[in-house]
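Reading the structure
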Amino acid sequence: MAKKTKSNIKENQSINKKESKKKEENKKKVIEEEEELEEISTSKKKTTPKKQSIINKKPSPKKQKQTPKKVKNKSKKEEEDNSEESKEEKISEKEEEEESKEEKKDSISEEKEESEEEEEKSEEDSKINKDNIKKSKSRIEKTQKAIESLTKPKKTSVIYVGHLPWGFDEKALYKYFSQFGTINRLYNPRSTLSGRSKGYAFIEFLDEKTAEIAAKTMNNYLLFDRILKCNVIEDKSKYDNMFKNAKKQFVFNDKYKKLLEKQEKEQSKEEIKIKIDTLLKREEIKREKMKEEGFNINFPGYKSIVDEYKKSHNIGEKKNKGNTKKIESVKKKEKIKGKK
């Protein structure tokens, strides 16, 4: 729209220039016509006496007296007629000029109105565009501020202490760092297998200033042949779950001891039988696979151990003796019945 307004303004300027030129030309024409009329009038005045002298070379005295009067009267009448005609022409020209001026004024006023309407439309469009740009800028600024608020580092009162020496546990950390200020929480992570500390810890103070002072003083500090590394944590969102197990006391989980306790625990007879049966079944499966492949090997396995155990403890003989006594008692009873 701005381009259109500029073009309209240029066109209006060119039209105004042309109109001014036309006005000047019309004025010049009017002036020239007036000059011509004056020249004609003067020429007539001069020519009249000469003509009379040429025509009337030998006039009578009476005629000489009459002629100048008549000529004078005629010249006056012609002058009056010419002056009236010139006046009428001038009046008509003035009227035409006024009409042309009025038409031009009307055209100029119409063009001005159109240009004003276009300018108003362009202004409205520019205002709308500005409003849209402002809204978009405001939205962009809001999003940028939100992103900056999320990405900006937030100061916290939590310190990361790394590269700790061996044996520097929770108690030692609490005593050592309590000289800077009061400690809210302390977390020293440990491995689940060995129970040893992983070599770093998190300490939370009451104030942010105390945390900054402690981090500056203890960073690159030599302690038991170890150079400590201390930094203030800027984003606590990553370490929200670090202090969950801080108050719990550490209990060492010795899995090897538990395994030994299970092995040394006294087992019941049923559990022993289940284990022996599983071992014998696995051994039979192995022997069958060896026979299928063509290996005929008689090796003492779990069977030999079980047989020796039974012989030493007389497990199978006792059962057989009990069965023989029952059979003999039944036979004796049958013989007694047959005799009777």
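Our subject is the structure listed above.
Read on for an overview of the structure. (Residues numbered from 1 in each chain as written. Predicted model: local features only at pLDDT ≥ 70, side-chain atom pairs only at ≥ 80, totals over all residues. Heavy atoms only, no water.)

1. Quick word on the overall build of the chain
- When helices and strands are counted, the chain shows 8 helices and 4 strands.
- From first element to last, N terminus to C terminus, the chain shows the α and β order α-α-β-α-β-β-α-β-α-α-α-α.
- By sequence separation, contacts in the chain at least 24 residues apart represent 63% of the contacts at least 6 residues apart.
- Carbon and sulfur atoms provide 52% of the accessible area of the chain, an area that totals close to 29,700 Å². (Helix = DSSP H or I, 4+ residues; strand = E, 2+ residues; numbered from the N terminus. Contact = heavy atoms within 4.5 Å. Areas by Shrake-Rupley, 256 points an atom, 1.4 Å probe, with all protein chains shown as cover.)

2. Section: unusual backbone geometry
- Positive phi, close to 55°, is recorded for Phe224, a residue that is not glycine.
- Mapped onto the elements, Phe224 comes out in the loop between α4 (208–218) and β4 (229–232).
- You will see that Asp225, though not glycine, has its phi angle at about 60°, which is positive.
- Here Asp225 shows up in the loop between α4 and β4.

3. Remarks on the pairing of strand β3 (residues 200–205)
- Within β3, 5 of the 6 residues are buried, leaving the element largely enclosed by the surrounding structure.
- Direction of pairing for strand β1 (residues 158–162) relative to β3: antiparallel, over a ladder of 5 bridges. The partner of Val158 across the bridge, within β3, is Glu204.
- Across 4 bridges, the pairing between strand β2 (residues 183–187) and β3 is antiparallel. Residue pairing across strands places Tyr187 opposite Phe202, the latter belonging to β3. (Buried < 20%, exposed > 50% of the residue type's maximum accessible area, 1.4 Å probe, protein only. Pairing = 2+ DSSP bridges.)

4. Considerations on a nonpolar patch on the surface
- Together, Met290, Phe295, Ile297 and Phe299 line one region of the surface with nonpolar side chains, adding up to about 340 Å² of accessible area.
- In this structure, Ile297 sits in the loop between α6 (269–293) and α7 (302–313). (Patch = residues over 30% accessible without salt bridge, like charges linked within 9 Å, V, L, I, M, F, W, Y side chains within 5 Å. Salt bridge = Lys/Arg side-chain N within 4 Å of Asp/Glu carboxyl O.)

5. Comments concerning the side chain of Ser157
- Positionally, Ser157 belongs in the loop between α2 (61–151) and β1.
- Not counting residues within four places of it along the chain, the set of residues in contact with Ser157 comprises Ile203, Glu204, Phe205, Leu206, Asp207, Glu208 and Ala211.

6. With respect to the pattern of salt bridges
- Going through the model one piece at a time under the given rule, you end up with 4 salt bridges.
- Of the charged contacts, one joins Arg185 and Glu204 as a salt bridge, the two residues approaching to 2.7 Å between their closest N and O atoms. Separated by 19 residues along the polypeptide, Arg185 in strand β2 and Glu204 in strand β3 bring together distant segments of the chain.
- Overall, the relative accessible area of 29% leaves Arg185 in the partly exposed class.
- Note on Glu204: relative accessible area 9%, which makes it buried.
- Here Glu283 makes a salt bridge to Arg287, at a shortest N to O gap of 3.4 Å. With a gap of 4 residues between them, Glu283 and Arg287 both fall in helix α6, about one helical turn apart.

7. Quick look at the packing of aromatic side chains
- The tally for this structure, following the rule as stated, stands at 6 aromatic pairs.
- Between the aromatic rings of Tyr160 and Tyr200, the centroid separation amounts to 6.1 Å while the plane-to-plane angle is 35°, which identifies the pairing as tilted. Placement of Tyr160 in strand β1 and of Tyr200 in strand β3 is noted, with a sequence separation of 40 residues between them.
- You can call Tyr160 partly exposed: its relative accessible area is 29%.
- Residue Tyr200 is classed as partly exposed on the basis of its relative accessible area, which comes to 25%.
- Taken together, a centroid distance of 5.6 Å and an interplanar angle of 75° make the contact between Tyr176 and Phe177 edge-to-face.
- These aromatic residues form a ring-pair network of at least three members: Phe168, Tyr176, Phe177 and Phe180. (Phe/Tyr/Trp six-rings, centres within 6.5 Å; stacked < 30°, edge-to-face > 60°.)

8. Quick look at the sheet that holds β3
- Taking strand neighbours across the sheet as the criterion, the 4 strands line up as β2-β3-β1-β4 in an open arrangement whose pairing is antiparallel. Each edge of the sheet is formed by a strand with only one pairing partner; in this case those strands are β2 and β4. For this sheet, the mean inter-axis angle between neighbouring strands, taken without regard to orientation, is 20°.
- Note that β1 and β4 share 4 bridges and pair antiparallel. In the sheet register, Gly162 faces β4, and the bridge partner there is Lys229.
- Relative to the sheet, helix α3 (residues 170–177) contacts β1, β2 and β3, its axis offset from that of β2 by approximately 150°.
- Where α4 meets the sheet, it contacts β1, β3 and β4, and its direction lies at approximately 155° from that of β4. (Axes fitted to C-alpha atoms, helices over the stretch in contact; angles between N-to-C directions.)

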